[in-house]
Amino acid sequence: AMNYAVDRETMIENVLNGYGTAAYTVSDGMPWASEDMKVETDVERAKQILADGGWEDTDGDGIIEKDGLKAELTLYYSASDSVRQALAAEFSNQMKEIGISITYEGKSWDEIYPHQYSDLILWGWGANSPSEVYNLLYSTGWGNYSSYENATVDRYLDEALAVPN
């Protein structure tokens, strides 16, 4: 739902003064990228996904909840990076539209890493390297913070890295 709710073009305009391109993965524009990863902003679809999942604003405060749990999250960003701070603020504003409350906090990387498996973090991937895809998606990759596991994907990544060119 968040992926459909975020308006990347508005972020580019509001945060980057129009200088940038919408990003969907760490591999955009590379031969191994997938066009299937691109989604158009569709706030109504995002709201419907949440509603279908049982999330609703039961008390009228604008924040959706399910089984007594409010959709309130913290997003961490590197405090030394003003662009990430502005991206976090814009993301927070956009998520309000679908009833999700995002609090954002700037921290040092030493303070952020303990949250890498439990909270939202505004990472800065995009080296456009095949090894970056490996590290982010391989079951035991050092950057696999979502704990994604798929034996077929692991096999394909192993095969790709074994090719000498």
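*Asks:* So what exactly am I meant to see when it comes to the layout of surface pockets here?
*Replies:* The calculated volume of the largest pocket comes to roughly 2,200 Å³. When contributions to the lining of the largest pocket are tallied by element, the ones reaching two or more residues are α1 (2–5), α2 (8–16), α4 (82–96), β5 (120–121), α6 (130–137) and α7 (151–162).

*Asks:* Sorry, what's going on with the sheet that holds strand β3 (residues 72–78) here?
*Replies:* Where strands meet in a sheet, backbone hydrogen bonds hold them as pairs that are either parallel or antiparallel. Spatially, β4-β3-β5 is the arrangement adopted by the three strands of the open sheet, whose pairing is parallel. The sheet is open, and its two edges are formed by β4 (101–107) and β5, each paired on a single side. Sheet topology note: the β3/β4 ladder contains seven bridges and is parallel. Across the sheet, Leu75 pairs through a bridge with Tyr104, a residue of β4.

*Asks:* Sorry, what's going on with α4 here?
*Replies:* For an α-helix, the turn length of 3.6 residues means that residues three or four places apart are oriented alike. Taking 1.5 Å as the rise per residue, α4 with 15 residues should run 21 Å; its terminal C-alpha atoms sit 22 Å apart, in good agreement. The set of residues buried in α4 consists of Arg84, Ala88, Ala89, Glu90, Phe91, Ser92, Gln94 and Met95. Where α4 is buried, its residues contact α1, α2, β3, β4 and α5 (109–112). A side-chain oxygen of the first residue of α4 lies 3.0 Å from the backbone nitrogen of Val83; this N-cap is Asp81.

*Asks:* How should I be thinking about the packing of aromatic side chains in this particular structure?
*Replies:* Ring pairs (aromatic) are described by centroid distance and by the angle formed between their planes. By the definition in use, this model includes eight aromatic pairs. With 5.8 Å between their ring centres and 40° between their planes, Trp109 and Tyr113 make a pair best called tilted. Ring geometry for Trp123 versus Trp125: centroids 5.9 Å apart, planes at 35°, classification tilted. On the basis of relative accessibility, which here comes to 21%, the residue Trp123 falls in the partly exposed class. Since its relative accessible area comes to 31%, Trp125 is described here as partly exposed. One residue, Arg155, lies across the ring of Tyr156, its end atom 4.9 Å from the ring centre.

*Asks:* Would you take a moment to explain the packing of α2 against α4 for this structure?
*Replies:* Helix packing geometry: the angle between the two helix axes and the distance between the axes. Between α2 and α4, the shortest axis-to-axis distance is 10 Å and the interhelical angle comes to 135°. If you check the angle between α2 and α4, you find them oblique. Here the hand of the crossing between α2 and α4 comes out right-handed. Residues Thr10, Met11, Asn14, Val15 and Leu16 of α2 lie in contact with α4, whose contacting residues are Val83, Ala86, Leu87, Glu90, Phe91 and Gln94. Counted by class, the contact of α2 with α4 contains seven nonpolar, three polar and one charged residues.

What counts and how
Residues numbered from 1 in each chain as written. Predicted model: local features only at pLDDT ≥ 70, side-chain atom pairs only at ≥ 80, totals over all residues. Heavy atoms only, no water. 1 Å grid on protein atoms, 1.4 Å probe; cavity = no way out; pocket = protein on both sides within 12 Å on 5 of 7 lines; lining within 4 Å. Points joined across faces, edges and corners; volume = space filled by probe spheres on them. Helix = DSSP H or I, 4+ residues; strand = E, 2+ residues; numbered from the N terminus. Pairing = 2+ DSSP bridges. Expected span 1.5 Å × (residues − 1). Buried < 20%, exposed > 50% of the residue type's maximum accessible area, 1.4 Å probe, protein only. Contact = heavy atoms within 4.5 Å. Polar contact = N/O pair within 3.5 Å; in protein donor to acceptor, adjacent residues only side chain to side chain. Phe/Tyr/Trp six-rings, centres within 6.5 Å; stacked < 30°, edge-to-face > 60°. Lys NZ or Arg CZ within 6 Å of the ring centre and 35° of its normal. Axes fitted to C-alpha atoms, helices over the stretch in contact; angles between N-to-C directions. Parallel < 35°, antiparallel > 145°, perpendicular 65-115°, else oblique. Left-handed = near helix turned anticlockwise from the far one by under 90°. Nonpolar A, V, L, I, M, F, W, Y, C, P; charged D, E, K, R; others polar.

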